[in-house]
Amino acid sequence: LTVIAEAEESVYRRTGVKIDWDQIREDDEKTFTLLSAGDCLGVFQLTDRGITDFTKRFGPKSIEDIATISALYRPGPLDSGMCDEILAIRSGAQEPYYPIDSIRSIMEPTSGVLTFQEQVLAIAQVMAGYSLSDADLLRRAMGKKIPEEMEQNRVQFIEGAKSLGHTRALAEQMFAKIQKFADYGFNKSHAIGYSILSYRTAYLKAHYRSDFYAACMSSYDDQDKIRPYIVEAQRSGIKVTLPDVNHSQKVFTAVDPTTIKFGLTAIRGCGESAVNEIIEARKDGEFKSIFDFCYRVNPNVLRSNNLEALAISGAFNSIQPSLNRAEICEYSKNVS
């Protein structure tokens, strides 16, 4: 949520465009092209290598598809072969299976693969005559994995299905699917809520890549986690400039679609209090030299190790090009 909010703020500051999600289409072609290409670094829930590969092979076309991906890419469905099954169906190598026409509309959104608890509730109502309250008790039994309650529901489901004209064999087959599903059942309303965030992060990356990368980089304190974004940004044609004591902000900042300024707080060894002091001091104008910098910035806050960190990062390059970083480090020890 923070990444989304900061990216939105960056887009508005840079372009004047205020993103209104209520006005954004939920079938944006550029967004789903990005996901289908596996360009998922930073996309909520879809960043890790395994689920990125699954997303690429799945080829999502809707938020519901993203929900299906997040619900299936977990130990239970992976171990049961459901992920392979749905990929085979979506690629056309296998036909989806619908036991009876009356539940086709329930299972069609997930290509005939039982994926969400809500599907089970709807099937129990349509196929076995469950009331809404009975269906919710079935959901509870699945969620808590209570054997006695599942057995009671097995009897109720089979008898209810028979009373509606279905064969016992079909009823037992369907309940066996439900019982197997109970081991890994996922709540669709939860998955959809999360997938909306996945879609929004993917949309921001697809349309405002520099703002999105800057927000992602700013969300981490660990440079090892920041580095993959810098590498990917550069591969995307976005330059991540060196930090600069005169122009860098506390966090990474998108300057334009092809440039991101390095954030001062991301410099290892330069803490937030030191950065705040630098930003406060430069309100009186840009620093003219390292001597001017050391004179104006409170030495009680900015220590020699902070100065060395700034020097090593190249943050003084624009104001003291005649000194190399080693000389600046040595100078910082003397003035401190």
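Quick note: structure is the one above.
Residues numbered from 1 in each chain as written. Predicted model: local features only at pLDDT ≥ 70, side-chain atom pairs only at ≥ 80, totals over all residues. Heavy atoms only, no water.

(A) The arrangement of the nonpolar core in detail. Core analysis: the biggest nonpolar cluster contains 99 residues, and Phe 157, Met 217, Phe 293, Leu 310 and Phe 316 have the highest contact counts within it. Membership of the second largest hydrophobic core comes to five residues, among which are Ala 67, Ala 71, Phe 186 and Ala 191. (Core = buried A, V, L, I, M, F, W, Y, C linked by side-chain atoms within 4.5 Å. Buried < 20%, exposed > 50% of the residue type's maximum accessible area, 1.4 Å probe, protein only.)

(B) Quick peek at the state of the cysteines. What the rule picks out here adds up to zero disulfides. Looking at the unpaired Cys 40, the closest cysteine sulfur is the one in Cys 216, lying at 12 Å. The buried category is assigned to Cys 40, whose relative accessible area is 1%. (Disulfide = S-S within 2.5 Å.)

(C) Molecular detail of the sheet that holds strand β2 (residues 253-256). With respect to topology, three strands assemble into an open sheet ordered β1-β3-β2, the strand pairing being mixed. The open sheet has two edge strands, β1 (239-241) and β2, and neither has a second partner. Direction aside, the axes of adjacent strands within the sheet are offset by 30 degrees on average. Relative to strand β3 (residues 259-261), β1 is paired through three bridges, and the arrangement is parallel. By the bridge assignment, Thr 241 is partnered in β3 with Lys 261. Packing against the sheet, helix α13 (residues 209-218) makes contact with β1, β2 and β3, and its axis sits at approximately 160 degrees to β2. (Pairing = 2+ DSSP bridges. Helix = DSSP H or I, 4+ residues; strand = E, 2+ residues; numbered from the N terminus. Axes fitted to C-alpha atoms, helices over the stretch in contact; angles between N-to-C directions. Contact = heavy atoms within 4.5 Å.)

(D) Representation of helix α17 (residues 304-313) in the model. Within the sequence span of α17, burial applies to Asn 306, Leu 307, Ala 309, Leu 310, Ala 311 and Ser 313. Looking one or two residues beyond α17, the residue adopting positive phi is Gly 314, at roughly 90 degrees.

(E) View of the packing of helix α3 (residues 49-58) against helix α6 (residues 82-91). Their axes nearest at 9 Å, the elements α3 and α6 cross at an angle of 30 degrees. Judged on the interaxial angle alone, α6 and α3 are roughly parallel. For the pair formed by α3 and α6, the contact residues are Phe 54, Arg 57 and Phe 58 on the first element and Cys 83, Ile 86, Leu 87 and Arg 90 on the second. In the contact of α3 with α6, the residues fall into five nonpolar, no polar and two charged. (Parallel < 35°, antiparallel > 145°, perpendicular 65-115°, else oblique. Nonpolar A, V, L, I, M, F, W, Y, C, P; charged D, E, K, R; others polar.)

(F) Fine view of the pattern of salt bridges. Counted by the stated rule, this structure contains 18 salt bridges. With its nearest N and O atoms 2.9 Å apart, the salt bridge here joins Arg 227 to Asp 224. In this pair, Arg 227 and Asp 224 are both assigned in helix α14 (residues 223-235), three residues apart and thus about one turn of the helix distant. Under the relative-accessibility criterion, Arg 227 is labelled partly exposed at 43%. Taking the relative accessible area as the measure of exposure, Asp 224 reaches 48% and is therefore partly exposed. Among the ionic pairs, Glu 280 bridges to Lys 283, the shortest N-O distance being 3.0 Å. (Salt bridge = Lys/Arg side-chain N within 4 Å of Asp/Glu carboxyl O.)

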